[in-house]
Amino acid sequence: MNPLPPAYGWIDDLRPLPRMLDEARKLYGTLEVSGPANNPVILDWAKETGLAKTFTADAIPWCGLFMAVVAKRGGKAIVEGPLWARNWAKFGKAADQGQLGDVLVFRRGEASGHVGLYVGEDYGAYHVLGGNQSDGVTITRIAKDRCIAVRRPPYRKVPVTAAPVVLAATGALSANEA
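Residues numbered from 1 in each chain as written. Predicted model: local features only at pLDDT ≥ 70, side-chain atom pairs only at ≥ 80, totals over all residues. Heavy atoms only, no water.

Colleague: Quick question: what am I supposed to make of the side chain of T138 here?
Modeller: With respect to the helices, strands and loops of the structure, T138 is situated in strand β5 (residues 136-143). If we ignore the near neighbours within four places in the chain, the residues touching T138 are Y28, V128, L129, G130 and Q133. (Helix = DSSP H or I, 4+ residues; strand = E, 2+ residues; numbered from the N terminus. Contact = heavy atoms within 4.5 Å.)

So this is what it looks like as structure tokens:
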């Protein structure tokens, strides 16, 4: 498992993590292959989630694929059309306040979007663990005013760690996650 940046190392000390976040954490540091080649790990996620006919190259936006594989591995249902980031606004149930492990859906331009998992927030941004952020699985700050949905995974028993997390505003704000 790749180490997290020091500002987020506390995540590895929390137990139990929400299941989807725990699965996402295991994938931290996975990178696209630049050029015409593909990362076979990312292509395997498409096979695992039944999306291999649609998702054929890691140059295709894959934040939704990342969410599909962490949902599946976390025992949660995958939304219909998971490669379209905005479809994740139908996942779980709506929440007013984000908390650790929630799904956050963002607008990117008029019709595009991005999706990832809440690991915390500062005064103006969510800190998001997601795929296809700078061509990898990273933690990125995304402006709160771009968020169009906060969705809570269904839980049999809510983990004690599933709570809002206030973090320092460190690092640049992302303008385009790809």
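Next comes the rest of the description.
Colleague: I keep staring at the nonpolar core and nothing clicks. Help me out?
Modeller: Most often, soluble globular proteins keep nonpolar side chains buried together rather than apart. Counting 48 residues, the largest nonpolar core has W45, F66, M67, V70, W88 and V103 as its most contacted members. Within the residue set of this core, elements represented by two or more residues are α1 (19-26), α2 (40-48), α3 (63-73), β2 (103-108), β3 (112-121), β4 (125-133), β5 and β6 (147-152). It is α3 that provides the largest number of residues to this core, a total of 8 residues. Aside from chain neighbours lying at most four places away, what touches W45 is L27, T30, W62, L65, F66, V69, R73 and V137. (Core = buried A, V, L, I, M, F, W, Y, C linked by side-chain atoms within 4.5 Å. Buried < 20%, exposed > 50% of the residue type's maximum accessible area, 1.4 Å probe, protein only.)

Colleague: What is the right way to look at the pattern of salt bridges in this model?
Modeller: Opposite charge on two side chains lets them pair, provided their charged atoms get close. Counted under the stated rule, the structure contains 8 salt bridges. Ionic pairing is found between K47 and D44, a salt bridge with its closest N-O pair at 3.6 Å. Taken together, the positions of K47 and D44, both in helix α2 and 3 residues apart, correspond to about one turn of that helix. Among the salt bridges present, the one from R152 reaches D102, with a minimum N-O distance of 2.7 Å. Taken together, the residues R152 in strand β6 and D102 in the loop between β1 (93-94) and β2 connect sequence positions 50 residues apart. (Salt bridge = Lys/Arg side-chain N within 4 Å of Asp/Glu carboxyl O.)

Colleague: Explain the packing of α2 against α3 to me, please; I cannot follow it from the model alone.
Modeller: To describe two helices that pack against each other, one gives the angle between their axes and the distance between the axes. Closest axis-to-axis distance for the α2/α3 pair is 9 Å, and the angle between their directions is 60 degrees. Comparing their axes, α3 and α2 come out oblique. Note that α2 runs across α3; the crossing there is left-handed. Together, I42, W45, A46 and E48 of α2 and L65, F66, V69, K72 and R73 of α3 make up the contact between the two elements. In terms of residue class, the contact of α2 with α3 is made up of 6 nonpolar, no polar and 3 charged. (Axes fitted to C-alpha atoms, helices over the stretch in contact; angles between N-to-C directions. Parallel < 35°, antiparallel > 145°, perpendicular 65-115°, else oblique. Left-handed = near helix turned anticlockwise from the far one by under 90°. Nonpolar A, V, L, I, M, F, W, Y, C, P; charged D, E, K, R; others polar.)

Colleague: Explanation requested: the packing of aromatic side chains in the structure shown.
Modeller: Two measures describe an aromatic ring pair: the distance that separates the ring centres and the angle between the ring planes. All told, the structure shown has 5 aromatic pairs when counted by the stated rule. Taking 5.5 Å as the distance between ring centres and 50 degrees as the angle between the ring planes, the aromatic pair formed by W88 and F91 counts as tilted. Neither residue differs from the other here; W88 and F91 are each classed as buried. Grouping aromatic residues by their ring pairs yields a cluster made of W45, W62 and F66. Sitting over the face of the ring of Y126, K144 holds its NZ or CZ atom 5.5 Å from the ring centroid. (Phe/Tyr/Trp six-rings, centres within 6.5 Å; stacked < 30°, edge-to-face > 60°. Lys NZ or Arg CZ within 6 Å of the ring centre and 35° of its normal.)

Colleague: Teacher, can you tell me more about α1 here?
Modeller: Residue pairs spaced three or four apart in an α-helix point in one direction, given the helix's 3.6 residues per turn. Among the residues of α1, M20, L21, E23, A24 and R25 are the ones counted as buried. Against the buried residues of α1 lie α3, β2, β3, β4 and β5.

Colleague: Looking at this structure, how should I read the environment of T54?
Modeller: Following the sequence through the fold, T54 ends up in the loop between α2 and α3. Put simply, T54 and V70 are 16 residues apart on the chain and 18 Å apart in space, counted from C-alpha to C-alpha.

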